[in-house]
Amino acid sequence: MINRSISSTNRLLGARVYAESHEWVLMNENTATVGISDHAQGMLGDVVFVDLPEVGDTAEAGNACATVESVKAASDIYAPVSGEIVEVNTALENEPSLINTSPLDNGWLFKVKVQDGEQLSELKSEDQYLATIEDE
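Owing to the predicted nature of the structure, the values given are computational and were not obtained by experimental measurement.

Asker: I'm lost on the packing of aromatic side chains in this one. Help?
Answerer: Two measures describe an aromatic ring pair: the distance that separates the ring centres and the angle between the ring planes. For the structure shown, the criterion picks out 1 aromatic pair. Positioned above the aromatic ring of W24, the side-chain terminus of R16 is 4.5 Å from the ring centre. Residue placement shows K111 over the ring face of W108; its charged tip is 5.0 Å from the ring centre.

See the structure below:
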């Protein structure tokens, strides 16, 4: 059953929103596509490996659910929303550099069937997110 609060997120359909931890969310009905921001991939450097969650796993908002390894460091990726992982970007297995070359499109990480659409209201608009990273 889809949580009724999902319907209140219709204004976010097609609009990318961001977590403070640099993950982005793009909603399509009740499914959120998740990736990392261009700013985050730039800070990481060349991505060489990605450890994604399994389809069927449950992601909890704010908890680590994936890892991105670069030539500089390994970084946890945090779920910006809670729900069931319904798809992962298998192209990243052979080409993790997609995160660097196309972080907002082909470099997406996973898709989550959102349990609580109200969690989306806690995320930042693109303008709000860009304002926060200017301070970094």
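We are not done yet, so read on.
Asker: Explain a nonpolar patch on the surface here, please?
Answerer: On the surface, a cluster of nonpolar side chains totalling about 280 Å² of accessible area is made up of V48, F49 and V71. With respect to the helices, strands and loops of the structure, F49 is situated in strand 4 (residues 47–51).

Asker: Mind showing me how you'd approach the pairing of strand 3 (residues 31–36) here?
Answerer: A regular strand places its side chains so that they alternate between the two faces of the sheet. Burial within strand 3 is extensive, with 5 of its 6 residues counted as buried. In terms of strand pairing, strand 2 (residues 23–28) meets strand 3 through 6 bridges, oriented antiparallel. Bridge pairing in strand 3 links N28 to T31. Between strand 2 and the antiparallel strand that follows it, strand 3, lie 2 residues; E29 among them carries a positive phi value of about 60°. Pairing of strand 3 with strand 9 (residues 110–114), which is carried by 4 bridges, proceeds in the antiparallel orientation. Paired with T31 across the two strands is K113, which belongs to strand 9.

Asker: Can you help me understand the side chain of S37 in this one?
Answerer: Topologically, S37 is positioned in the loop between strand 3 and helix 1 (38–44). With relative accessibility at 2%, the residue S37 sits in the buried group. In this structure the side chain of S37 is engaged in a polar contact, spanning 2.6 Å, whose partner is the side chain of Y129.

Asker: I'm lost on the sheet that holds strand 7 (residues 74–78) in this one. Help?
Answerer: If you walk across this open sheet you meet the 3 strands as 4-6-7, and the pairing is antiparallel. Looking at strand neighbours, the two that pair on one side only are strand 4 and strand 7, the edges of this open sheet. On average, adjacent strands in this sheet sit at an angle of 25° to one another, irrespective of strand direction. Sheet topology note: the strand 6 (residues 64–70)/strand 7 ladder contains 5 bridges and is antiparallel. What sits directly across from V68, in strand 7, is S75.

Asker: What is the right way to look at unusual backbone geometry in this model?
Answerer: What is expected of a backbone is that most residues other than glycine have negative phi and most peptide bonds are trans. Backbone geometry places H22, a non-glycine residue, at a positive phi of 80°. Positionally, H22 belongs in the loop between strand 1 (17–18) and strand 2. Residue H22 is classed as buried on the basis of its relative accessible area, which comes to 14%. Here the phi dihedral of E29 falls at roughly 60°; this positive angle occurs in a residue that is not glycine. Along the chain, E29 falls in the loop between strand 2 and strand 3. Residue classification places E29 among the exposed residues on the basis of a relative accessible area of 60%.

Basis of the calculations
Residues numbered from 1 in each chain as written. Predicted model: local features only at pLDDT ≥ 70, side-chain atom pairs only at ≥ 80, totals over all residues. Heavy atoms only, no water. Phe/Tyr/Trp six-rings, centres within 6.5 Å; stacked < 30°, edge-to-face > 60°. Lys NZ or Arg CZ within 6 Å of the ring centre and 35° of its normal. Patch = residues over 30% accessible without salt bridge, like charges linked within 9 Å, V, L, I, M, F, W, Y side chains within 5 Å. Areas by Shrake-Rupley, 256 points an atom, 1.4 Å probe, with all protein chains shown as cover. Salt bridge = Lys/Arg side-chain N within 4 Å of Asp/Glu carboxyl O. Helix = DSSP H or I, 4+ residues; strand = E, 2+ residues; numbered from the N terminus. Buried < 20%, exposed > 50% of the residue type's maximum accessible area, 1.4 Å probe, protein only. Pairing = 2+ DSSP bridges. Polar contact = N/O pair within 3.5 Å; in protein donor to acceptor, adjacent residues only side chain to side chain. Axes fitted to C-alpha atoms, helices over the stretch in contact; angles between N-to-C directions.

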